[in-house]
Amino acid sequence: MPEQDPRAPLRDWVDLTRRMAVLSGQFSQSDLRAVAIATTPKTKIAEWGKITLSRYCPVVESPSLGPLLIVHGLIGRQTVTDLQPDRSLVRRLIEAGVDLYVIDWGNPSRADRCRDFTDYADIALSDALDAIAEVSGARRAALFGICQGGVFGLCHAALYPERLSGLALAVTPVDFHADTQDPEPTHGFLNVWARGLPAELIDGLVDDVGNLSGRLTGAVFETLTPARTFAKYTADLFEIADDREALQMFLRMEKWLADRPDHPGAAAKQWLGDLYRENRLVRGTFALDGERVDLGRIACPVLTVIGRDDHIVPPPCARAVKAYLRNAPYREVEVPTGHIGVFVSRKAQQIVPPAVVSWLQGVA
């Protein structure tokens, strides 16, 4: 057995001290407000109160694919699809000739506490699709729904089977109890946590402030993987101290994570109660304004993008949509990343944009 160099611990300590100094200097020069994310140029084309609809500025002379509308959920910002220029789903899509739009839900306040899935999945999406049709001249648009935004898209496509030309879903939960089918034990903690919430506790979490606090949802996500969260701010951070590009990516991600809006109260109760706890979407008992959402009525082509290592939306929860489509052509893409990695990892940049473009080429 080789003899250990007695100077090794000292060298390790010196290197750790140096990395701490580098990080301290970087952070003292960095202000999250100055960290730029979502820099792809876009133009606002419509506005309804706090909700805005924008069109990304084309980079090709005549965009030939789409229109395609990006719809994020109410829990985070759609800016994750445009985090930095070389890891931007948005940029890859418009460079491929996609006529691309995005809806932003704004910052809900207590005044928005009564807004529910009907307001977002039905009314707001109808308004946005009408505005896109007026601007683009296209009869129908496709929709790219992210996480909860994908559930909005599923509801809309089920209620209005002829309105969308296609529906792409990314890390979208459909069967909220299918986490029990995932063999990976670190997947599905959010599902387990939400299923255990009594109705009166959900009401209390929301009614105290009118909405579900963005800080609270952020804290819940952080505690789903405590060891990973701890490592991110310790060992992982020291590891990238000398890599300015990686450090900038870390700061961009932190800025996105810090910008977590409050979730409108009525919609939050449906999300946690009707969907996570009672699984009404696949049981056929989820309704918008009294009309039942029947996934079997969806008629447009459906693309599902799944994160193989997604612990927030376990793959079986997303893949389940296939079993409920009776008339819709279905395509599936699996990415070897986690939930957010589907949009920001280098691996995903090589897989997701080409898959979406290929799918759009086959969408009427």
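This text follows the structure it describes.
The paragraphs below set out a description of the structure included in this document. Here the structure is a predicted model, which is why all the values come from computation and not from measurement.

### Describing the side chain of His187
- Tracing the backbone through its elements, the reader meets His187 in the loop between β6 (164–170) and α5 (189–195).
- Engagement of the side chain of His187 in a polar contact is seen with the side chain of Asp182, the distance being 2.9 Å.
- Those residues in contact with His187 that lie beyond four places of it in its chain are Asp182, Arg308, Asp309, Asp310, His311, Pro314 and Pro315.

### Observations regarding the pattern of salt bridges
- Per the counting criterion, the structure on display carries 19 salt bridges.
- Residue Asp259 pairs with Arg77 through a salt bridge whose shortest N-O separation is 3.1 Å. Here Asp259 is found in the loop between α10 (244–258) and β8 (263–264), whereas its partner Arg77 is found in the loop between β3 (65–71) and α2 (89–95), with 182 residues between them in sequence.
- Its relative accessible area of 34% is what places Asp259 among the partly exposed residues.
- Ionic pairing is found between Arg280 and Asp274, a salt bridge with its closest N-O pair at 3.9 Å.
- Owing to a relative accessible area of 28%, Arg280 belongs among the partly exposed residues under this scheme.

### A few points about unusual backbone geometry
- Along the chain, Gly66 connects to Pro67 via a cis peptide bond; the corresponding omega equals 5°.
- Here Pro67 shows up in strand β3.
- Of note in the backbone geometry, Val171 takes a positive phi value of approximately 40° without being a glycine.
- Relative to the elements of secondary structure, Val171 occurs in the loop between β6 and α5.
- The phi torsion at Asp289 lies on the positive side, around 50°, for a residue other than glycine.
- Residue placement: Asp289 occurs in the loop between β9 (287–288) and β10 (291–292).
- Accessibility expressed as a relative area gives 68% for Asp289, which makes it exposed.

### As for the pairing of β3
- Most of β3 is tucked away, with six of its seven residues classed as buried.
- With five bridges joining them, β3 and strand β4 (residues 98–104) adopt parallel strand pairing. Directly across from Val71, in β4, lies its bridge partner Ile103.
- Once the chain exits β3 it traverses α2 before rejoining the sheet at β4, and the crossover so formed is right-handed.
- As judged from the four bridges shared by β3 and strand β5 (residues 141–146), these two strands associate in the parallel manner. What sits directly across from Leu69, in β5, is Leu143.

### Some points on the packing of aromatic side chains
- Using the criterion set out here, one finds nine aromatic pairs in the structure.
- Each ring, one from Trp271 and one from Tyr276, has its centre 5.4 Å from the other, and the planes form 85°; the classification is edge-to-face. One exposure class covers both Trp271 and Tyr276, and it is buried.
- Through successive ring pairs, a cluster of aromatic residues spans Trp105, Phe117, Tyr120, Phe152, Phe176, Trp271, Tyr276 and Phe286.
- Over the face of the ring belonging to Tyr160 we find Arg163, whose NZ or CZ atom lies 4.3 Å from the ring centre.
- Lying over the aromatic face of Trp256, Arg260 brings its terminal NZ or CZ to 5.9 Å of the ring centre.

Reading the values: the criteria
- Residues numbered from 1 in each chain as written.
- Predicted model: local features only at pLDDT ≥ 70, side-chain atom pairs only at ≥ 80, totals over all residues.
- Heavy atoms only, no water.
- Helix = DSSP H or I, 4+ residues; strand = E, 2+ residues; numbered from the N terminus.
- Polar contact = N/O pair within 3.5 Å; in protein donor to acceptor, adjacent residues only side chain to side chain.
- Contact = heavy atoms within 4.5 Å.
- Salt bridge = Lys/Arg side-chain N within 4 Å of Asp/Glu carboxyl O.
- Buried < 20%, exposed > 50% of the residue type's maximum accessible area, 1.4 Å probe, protein only.
- Pairing = 2+ DSSP bridges.
- Right-handed = clockwise from strand over helix to strand, strands pointing away.
- Phe/Tyr/Trp six-rings, centres within 6.5 Å; stacked < 30°, edge-to-face > 60°.
- Lys NZ or Arg CZ within 6 Å of the ring centre and 35° of its normal.

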